[in-house]
Amino acid sequence: MASSAHAPWIQFPSGEERPNLGMGTCGYGVDTAYQAKEVGALRLALDMGWRLFDTAEMYASGGAERVLGLALEQAFRAGLPRDAVMVVSKVLPEHAFESGLVAACEQSLRRLKLDCIDLYLLHWPSSTPLAETVKAFEQLQRHGRIRHWGVSNFDLPQLRELAAVPGGAACAANQVHYSLGARGVEFDLLPAQRVHQMPLMAYSPLDQGELADHPALRGMAARHRATPAQVALAWLLRQPGVMALPKARSAVHLRHNWAAQALSQALSAEDLAWLDGHFPPPRHKLPLSVR
Ligand SMILES: NC(=O)c1ccc[n+]([C@@H]2O[C@H](COP(=O)([O-])OP(=O)(O)OC[C@H]3O[C@@H](n4cnc5c(N)ncnc54)[C@H](OP(=O)(O)O)[C@@H]3O)[C@@H](O)[C@H]2O)c1
């Protein structure tokens, strides 16, 4: 894909490959007064080359999906091929039963103005038995309404439980909080996902903006003529099997985050060791971080 000159690609269990940088949309679609501006930001992102978008029925009660749908519709009309873009959305756990999941997906598709969601995730573990949720995902796949399914906020025991139900091994991804400031997944979840070639989609990769102001990152950022946020993102983009999903509404942030791909290739072994020293990897199991 010419649009992602700097991005290493990440492989899904199906063999499909995508860039390891995608755009989050939590916070989009809250107020229709900002709709035109937000559609503009997403169009800018598409023009810059962003090709993976993460959303959810939960975000602004469907508002984020609606705004993303408008931007994608314009981009497809302008000639962008549908299969150039990967759209990820999420179903609420309370809709994870068979008929509920199918109905929720149909509503997301309407808001997104799409025939098919590329990757549909269970937003966090549900009280509905996993076997029923997997059956519903499979039904949506058979009807061409989703291409792949996965989960979010699952720790290793929950992934193991999922793998044990019929069809559960087809889970295509797990989306969890992972950042320079929250490295707990490195203890066992990320290594296990790597073994199974299941991408880890890192949400809140900037700790919701906190890393952008982190004093420890300023020196390295200055040395690379970059920003602390770019250093934090570049570090994440160096982690094998990980896809980072920063959210930005400002054009400057979108550009900076895109440029973090090049910075990720410029970080030296010394830089990475320095970051390990200031943001140490976990020495024992930690509870899954949730934002
Ligand atoms: N599965 C889940 O349970 C879950 C949970 C949380 C998030 N997510 C997904 O992950 C995405 C990202 O997470 P997030 O939105 O929580 O947090 P984030 O991406 O870590 O941080 C977003 C914040 O950082 C700012 N920012 C972005 N780029 C920046 C840059 N280069 N320099 C300085 N500041 C920058 C943004 O500002 P502006 O917006 O003003 O540009 C925004 O305030 C979400 O949008 C959502 O798609 C999933």
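Residues numbered from 1 in each chain as written. Predicted model: local features only at pLDDT ≥ 70, side-chain atom pairs only at ≥ 80, totals over all residues.

Asker: When you look at the overall build of the chain in this model, what are you seeing that I'm missing?
Answerer: Looking only at helices and strands, the chain has 10 helices and 11 strands in total. Rg of the C-alpha trace for the chain: 18 Å, near the compact-globule value of 19 Å for 291 residues, within the 12% margin. Its C-alpha atoms give the chain principal-axis dimensions of roughly 55 × 45 × 35 Å. (Helix = DSSP H or I, 4+ residues; strand = E, 2+ residues; numbered from the N terminus. Rg over C-alpha atoms; globule rule 2.2 N^0.38 Å.)

Asker: Looking at this structure, I do not really get the site of the ligand. What am I missing?
Answerer: Within the structure, the ligand sits among 28 residues, and G24, C26, Y203, A229 and K247 are positioned closest to it. Considering each element in turn, the shell around the ligand owes the most residues, 3 residues, to helix α9 (residues 251-266). Tallied by class, the residues present in the shell around the ligand amount to 9 nonpolar, 14 polar and 5 charged. (Near = placed C-beta within 6 Å. Nonpolar A, V, L, I, M, F, W, Y, C, P; charged D, E, K, R; others polar.)

Asker: What exactly am I supposed to notice about the pairing of strand β6 (residues 86-91) here?
Answerer: Across a regular strand the side chains alternate sides, sitting on one face of the sheet and then on the other. Where burial is concerned, most of β6 is hidden: 6 out of the 6 residues are buried. On β6, burial covers both faces: M86, V88 and K90 on one face and V87, S89 and V91 on the other are all buried. As paired strands, strand β5 (residues 52-54) and β6 are joined by 3 bridges and run parallel to one another. Within the sheet, the bridge partner assigned to L52 lies in β6 and is M86. Crossover β5 to β6 through helix α2 (residues 63-77) is right-handed. In this sheet, strand β7 (residues 117-122) lies alongside β6 in parallel orientation, the contact comprising 4 bridges. Bridge pairing links K90 to L121 in β7. In terms of handedness, the path from β6 via helix α3 (residues 98-112) over to β7 forms a crossover that is right-handed. (Buried ≥ 20, exposed ≤ 12 C-beta atoms within 10 Å, placed from the backbone. Pairing = 2+ DSSP bridges. Right-handed = clockwise from strand over helix to strand, strands pointing away.)

Asker: Mind showing me how you'd approach the pairing of strand β8 (residues 146-152) here?
Answerer: Counted residue by residue, β8 has 6 buried out of 7 residues, so it is predominantly covered. Pairing between β7 and β8: 5 bridges, direction parallel. Across the sheet, I117 pairs through a bridge with I146, a residue of β8. Remark: the β7/helix α4 (residues 130-142)/β8 crossover connection has right-handed handedness. Where β8 lies against strand β9 (residues 174-177), 2 bridges are found, and the strand directions are parallel.

Asker: I keep staring at the confidence of the model for the chain and nothing clicks. Help me out?
Answerer: Any residue range with low pLDDT should be treated as having predicted coordinates unsuitable for detailed reading. With 98% of its residues at a pLDDT of 70 or more, the chain has an overall mean of 96. pLDDT under 50 marks residues 1-5. Its contacts with residues more than four places away, or in other chains, come to 8 contacts. (pLDDT = per-residue confidence, 0-100. Contact = placed C-beta atoms within 7 Å.)

Asker: Mind showing me how you'd approach the nonpolar core here?
Answerer: Inside soluble globular proteins, nonpolar side chains tend to come together where they are buried. Of all hydrophobic cores here, the largest spans 88 residues; its most connected members are C105, Y120, A202, A232, L233, L236 and A244. Once you skip the residues sitting within four places of it in the chain, C105 turns out to touch V91, I117, Y120, L140, R145 and I146. (Core = buried A, V, L, I, M, F, W, Y, C linked by C-beta atoms within 7 Å.)

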